[in-house]
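# Architecture at a glance
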Amino acid sequence: MSGARLPAVGERLPDWRIGPFDAAALEAYAAASGDANRLHLDDDLARAIGFPAPPVHGMKLLAAFEPLLCAWRRDLFLARLSGKFVQPVLRGEPVTLSARVLRSSPEEGVFLRLLAYGEARAPAIVGEALMTPPRKIRS
Amino acid sequence: MAAEPEGAGARIGPLRVCADEERVTRYRREIGFSDTLEKIVPVAFPAVWLTAEEIDAAIRDFLAGEDVVPVHESQSFHYFAPLRVGESYDLTVSVRREAEPPRLSVNASLSTLAGEPRLRAETLLRIVPRPASLEPVP
């Protein structure tokens, strides 16, 4: 990672607030992504499952980490992104994305812990990212 | 292309997919990029291709006859090189059932038309009993 200043382990990115997402936003994501799951769009179906409102697509939230990470370090490539969907964020809830550097080295690149949470402040997504210069990408 | 049985799993593809510029731009906007003029394929964009009917049908086949629903438990994208707007790729997917915990593992590989690997992606779908209040999908 020559020439690029590596972030320090423990560095926290500024929290990134997104949403709240309304029904039109969820319809738009469903159309753009091809995710036809009615659970995200149908109030009656959401209530039948026990949610007071439809949950936001987990993939919409996981994917939203990329603008955050790119804004932080445009010189690095997001080589890996993963997330576990722990609990839903419901339509109308604001969402906070946070990220913290777990490991950072010229050999490995920069590993980050990702967290997304809604109003409940309990994690909705627990994820990881690896950012590297493009030439460092490997299996 | 239909899913081919492969022991306890199924293999789908290769499916020819394209990082279509209009679709990439739309997806970038929906995940929060403010500058959608930038021609970069988002890391999570292949999720669009994973909604293909062939893959959906394979998942339905695995769950046929069971009173269960799949719930998206986790997702990962692992790149070997970035994707390029406008380029076509071959997508191969395997679907495998895991017993404990009960779930489906959907593993996708994306390569250039010359066979160079670009991405591995894993989708885990937890299989849960269908809520009593939820009608079966016809």
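Keep in mind it's a predicted model, so treat the numbers as computed, not measured.

### Concerning the overall build of chain A
If you tally the helices and strands in chain A, you get 4 helices and 5 strands. Along its sequence from the N terminus, chain A presents helices and strands in the succession β-α-α-α-α-β-β-β-β. On the principal axes, the C-alpha backbone points of chain A span a range of 55 × 30 × 20 Å. The buried share of chain A, taken over its 139 residues, is 38%. Residue pairs in contact within chain A that sit at least 24 positions apart in sequence constitute 65% of those at least 6 positions apart.

### Some points on the interface of chain A and chain B
In this complex, chain A contributes 29 residues to the contact, which on the side of chain B involves 26 residues. Of all the elements in the fold, those that place two or more residues in the side of chain A that touches chain B are helix H1 (23-33), helix H2 (43-49), helix H3 (58-63), helix H4 (65-72) and strand E2 (77-85) of chain A. Counting residues per element, the side of chain A that touches chain B draws most heavily on E2(A), which supplies 9 residues. Where E2(A) lies against strand E3 (residues 68-79) of chain B, 5 bridges are found, and the strand directions are antiparallel. The residue of E3(B) that forms the bridge with A:Gly83 is B:Gln75.

### Remarks on the pairing of E3(B)
Bridge count for E3(B) against strand E6 (residues 117-129) of chain B is 11 bridges, and the pairing is antiparallel. In the strand pairing of E6(B), B:His78 is matched with B:Arg120.

### Notes on helix H1 (residues 21-30) of chain B
Residue and element names in this part refer to chain B. For H1, every residue scored as buried is listed here: Val24, Tyr27, Arg28 and Glu30. Along the axis of H1, the buried residues cluster in a sector spanning 165°; they form a single face. Every exposed residue of H1 that faces more than 90 degrees away from the buried side is listed here: Glu21 and Glu22. One or two steps after H1, the chain reaches glycine 32, where phi turns positive at roughly 110°.

### Some thoughts on H1(A)
Within H1(A), the full set of buried residues consists of A:Leu26, A:Tyr29, A:Ala32 and A:Ser33. Taken down its axis, H1(A) places every buried residue within 130° of arc, on the same side. For H1(A), exposure combined with an orientation more than 90 degrees from the buried face picks out A:Ala24, A:Glu27 and A:Ala31. Structurally, H1(A) contributes buried residues whose contacts are with H3 of chain A together with H1 of chain B. A:Gly34 sits one or two positions beyond H1(A) and adopts a positive phi of about 85°.

### Things to note about the environment of A:Val9
Residues and elements named next belong to chain A. Mapped onto the secondary structure, valine 9 falls in the segment before strand E1 (16-18). Between the alpha carbons of valine 9 and glutamate 66 there is a distance of 20 Å; along the sequence they are 57 residues apart. Dropping the residues within four chain positions of it, valine 9 is found in contact with Val101, Leu102, Arg103 and Ser104.

### A short note on the nonpolar core
By size, the foremost hydrophobic cluster in this structure holds 66 residues, and its most contacted members are A:Leu61, A:Phe65, A:Ala129, A:Met131 and B:Ala44. Discounting chain neighbours no more than four positions away, the residues touching A:Leu61 are A:Val56, A:Val89, A:Val95, A:Ala116, A:Ala124 and A:Ile125.

### Points about unusual backbone geometry
Residues and elements named next belong to chain B. Cis geometry is found at the peptide bond from glycine 13 to proline 14, where omega equals 10°. Note on placement: proline 14 falls in strand E2 (residues 9-18). Omega for the bond connecting glutamate 100 with proline 101 falls within 30 degrees of zero, at 0°, which places this linkage in the cis form. Summarising the element assignment, proline 101 is placed in the loop between strand E4 (88-98) and strand E5 (103-112).

### Some words on the confidence of the model for chain B
Residue and element names in this part refer to chain B. Across chain B, pLDDT averages 88, with 88% of residues at or above 70. Contacts from residues 1-7, a stretch scored under 50 in pLDDT, to residues over four places away or in other chains number 14 contacts. Both scores are available for the predicted complex, with the pTM at 0.91 and the ipTM at 0.92.

Cut-offs used in this document
- Residues numbered from 1 in each chain as written.
- Chains lettered and ligands numbered in written order.
- Predicted model: local features only at pLDDT ≥ 70, side-chain atom pairs only at ≥ 80, totals over all residues.
- Helix = DSSP H or I, 4+ residues; strand = E, 2+ residues; numbered from the N terminus.
- Buried ≥ 20, exposed ≤ 12 C-beta atoms within 10 Å, placed from the backbone.
- Contact = placed C-beta atoms within 7 Å.
- Pairing = 2+ DSSP bridges.
- Arc of directions from axis to C-beta.
- Core = buried A, V, L, I, M, F, W, Y, C linked by C-beta atoms within 7 Å.
- pLDDT = per-residue confidence, 0-100.

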